[in-house]
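Structure assessment
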Amino acid sequence: MALSVARRVSSLQPSATIAMANRAKALTRQGREILQFTLGEPDFDTPRQIKQAAIDALLAGQTKYMPTLGDPETRAVIAAKLRTENGLAGVTPEHIAITSGGKHALYNLFQCLFDHTCPGEAPREFILQTPSWVSYAPIARLAGAEVVEVHTTVESDFKMTPAQLRQAITPRTRAVMLNSPSNPCGTMYTESELRDIAAVLVDAAVSIAPDLVVISDEIYEKIIFGGIAHFSIGSIPQLAERTVTVNGLSKAYAMTGWRAGYAAAQGEFGLRLINALGTLQGQMSTNITSFVYPAIRAALTQCADDVESMRAAFARRAVVMTERLSGLPQVQTPRPTGAFYAFPDISAAFGKTTPTGRIIRSSVDFCEAMLEEIGLAAIPGEEFGGIGRNHIRLSFACSEETIHRGIDLMSKFLSDLR
């Protein structure tokens, strides 16, 4: 009997980030030393207060089912954080959905915003500036969206202009994605730039796309070091009730394995959307792990000093990474201002050959050759979209020593190309 899986899954590409990281780990298990610049995972341990809060809850017996969208106490803490830190004045606990990481929040949101169309019916559009995180487009397509890419460049610091956005919006536009600071680019919008983007969105919502929604992924909001203050577009009153703010604790609090994320949406539409998300989540995973809720509260109320310590370390690493990459004559790198990624253009290596005879025709070839020949793992830029095909992503969520060793290897790799 020939068995098959659903087309929507069989046609789905695996995450390039996870795939390359897994290949690097497999080589490590074989005894090879591999320098990892792949996953966006801080090398710091979760702060003690967070772990202790979970331990105390576990020992106190908080091991049962919880409300699907989270317990009232934790939703209230997240709402207070968003009001005071992000300016989302209309957020209440009822406007919060707690999810199994930020990716889960995004998946649920796309499922709630898009429908699969009937034959002959045009799908709704999802505007995505590229290069962008590898999972936005696949999960949007799974929900039935047509992805409309807005291409950005090194010269623009990988930021979409208001004119580009205006041109991309049509009556079929359902959602616009924003991610600042950016994965993979490591750059971010200023408040002024986001206000200019908001002006286009407000006008378009009146004249072109009346049910337009903005999804703002702010997972890296606390990892900034380029002199640009983080700004939440949902704090702009004219967009407040059209914006869904997505965040989580993985990056800023070194809690990647805890799987704690959330989504917030203000106003009457926000309540309907969050309740819809709860209905969907109730048929999927229900609540997140019960004793993680006190850990979320501890993170958001007790760990500002730990977050600042980690942010300062990332800032130092960003300087080291930028200085070292700028010393490579064949590489062009925008200066990172947020998150913990560098996104160098390595296209000058295309058409050249490694000492083992590999021809470099793409960033995939470049990363595979570095992994196999010098033991350095990076992420090829193809799946980030747009001009990403000329780039690789290097995560500097690792020690300064590792950065120096890695760029030393990369420098020799480039100089050995013929």
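Report on the accompanying structure. (Residues numbered from 1 in each chain as written. Predicted model: local features only at pLDDT ≥ 70, side-chain atom pairs only at ≥ 80, totals over all residues. Heavy atoms only, no water.)

1. Focus on the sheet that holds strand E9 (residues 341-342)
Across the sheet, which stays open at both edges, the three strands sit in the order E9-E12-E11 with antiparallel pairing between neighbours. Of all strands in the sheet, those bounded by a partner on one side alone are E9 and strand E11 (379-380). (Pairing = 2+ DSSP bridges. Helix = DSSP H or I, 4+ residues; strand = E, 2+ residues; numbered from the N terminus.)

2. What to know about unusual backbone geometry
For the bond from threonine 130 to proline 131, the omega torsion is 0 degrees, close enough to zero to count as cis. Structurally, proline 131 can be placed in the loop between strand E3 (125-130) and helix H6 (136-142). A cis amide bond, omega -5 degrees, links serine 180 with the succeeding residue proline 181. Secondary-structure assignment places proline 181 in the loop between strand E5 (173-179) and helix H8 (191-207). Within the chain, alanine 339 stands out as a residue other than glycine whose phi angle is a positive 65 degrees. With respect to the helices and strands, the residue alanine 339 is situated in the loop between helix H11 (304-326) and E9. Accessibility expressed as a relative area gives 0% for alanine 339, which makes it buried. (Buried < 20%, exposed > 50% of the residue type's maximum accessible area, 1.4 Å probe, protein only.)

3. Quick word on helix H13 (residues 400-416)
For an α-helix the count is 3.6 residues per turn, leaving residues at separations of three or four pointing the same way. Compared with an ideal rise of 1.5 Å per residue, which puts 17 residues at 24 Å, H13 spans 24 Å between its outermost C-alpha atoms and is within 8% of the ideal. Taken together, the buried positions of H13 are Thr402, Ile403, Gly406, Ile407, Met410, Phe413 and Leu414. Seen along its axis, H13 keeps its buried residues to an arc of 120 degrees; they face one direction. In H13, those exposed residues whose orientation departs by more than 90 degrees from the buried face are Glu401 and Lys412. On the buried face of H13, the contacting elements are strand E1 (35-36), H11, helix H12 (363-374), strand E10 (376-377) and strand E12 (392-395). (Expected span 1.5 Å × (residues − 1). Arc of directions from axis to C-beta. Contact = heavy atoms within 4.5 Å.)

4. Digging into helix H5 (residues 102-113)
Relative to the 16 Å expected for 12 residues at 1.5 Å per residue, H5 spans 16 Å between its end C-alpha atoms, a close match to the ideal helical length. Listed as buried for H5 are Gly102, His104, Ala105, Leu106, Asn108, Leu109, Phe110 and Leu113.

5. Side note on the sheet that holds strand E4 (residues 146-151)
The seven strands are arranged E2-E8-E7-E6-E5-E3-E4 in an open sheet whose pairing can be described as mixed. Every other strand in the sheet has two partners, leaving strand E2 (96-99) and E4 as the edge strands with one partner each. When the angles between neighbouring strand axes are averaged without regard to direction, this sheet yields 20 degrees. Bridge analysis of E5 against strand E6 (residues 213-217) gives five bridges, and the strand direction is parallel. Note that in E6 the partner of alanine 175 across the bridge is valine 213. (Axes fitted to C-alpha atoms, helices over the stretch in contact; angles between N-to-C directions.)

6. A word on the packing of aromatic side chains
By the definition in use, this model includes 13 aromatic pairs. Measuring from centroid to centroid gives 6.2 Å for phenylalanine 225 and phenylalanine 396, while their planes differ by 55 degrees, and the two rings are tilted. With phenylalanine 225 in the loop between E6 and strand E7 (243-248) and phenylalanine 396 in the loop between E12 and H13, this residue pair connects regions lying 171 residues apart in the sequence. Comparing phenylalanine 225 with phenylalanine 396 shows no difference in burial state: the two are buried. With centroids separated by 5.2 Å and ring planes inclined at 85 degrees, the aromatic side chains of phenylalanine 366 and phenylalanine 413 adopt a geometry described as edge-to-face. On the criterion of sequence distance, the pair formed by phenylalanine 366 in helix H12 and phenylalanine 413 in helix H13 is long-range, its members being 47 residues apart. We note that phenylalanine 366, like phenylalanine 413, is buried. Pairwise contacts between aromatic rings join Phe44, Tyr220, Phe314, Phe340 and Tyr341 into one cluster. (Phe/Tyr/Trp six-rings, centres within 6.5 Å; stacked < 30°, edge-to-face > 60°.)

7. Quick look at the pattern of salt bridges
The full count for this structure, using the stated rule, is 20 salt bridges. Across the pair lysine 81 and glutamate 221 runs a salt bridge whose closest N-O atoms are separated by 2.4 Å. Note that lysine 81 is positioned in helix H4 (residues 72-86) and glutamate 221 in the loop between E6 and E7, a separation of 140 residues in sequence. Overall, the relative accessible area of 5% leaves lysine 81 in the buried class. Residue class for glutamate 221 comes out buried when judged on its relative accessible area of 9%. A salt bridge links glutamate 373 to arginine 358, with the nearest nitrogen and oxygen atoms 3.1 Å apart. One end of the pair, glutamate 373, is in helix H12; the other, arginine 358, is in the loop between E9 and H12, with 15 residues separating them in the sequence. Connected via shared salt-bridge partners are Lys81, Glu85, Glu221 and Lys222. (Salt bridge = Lys/Arg side-chain N within 4 Å of Asp/Glu carboxyl O.)

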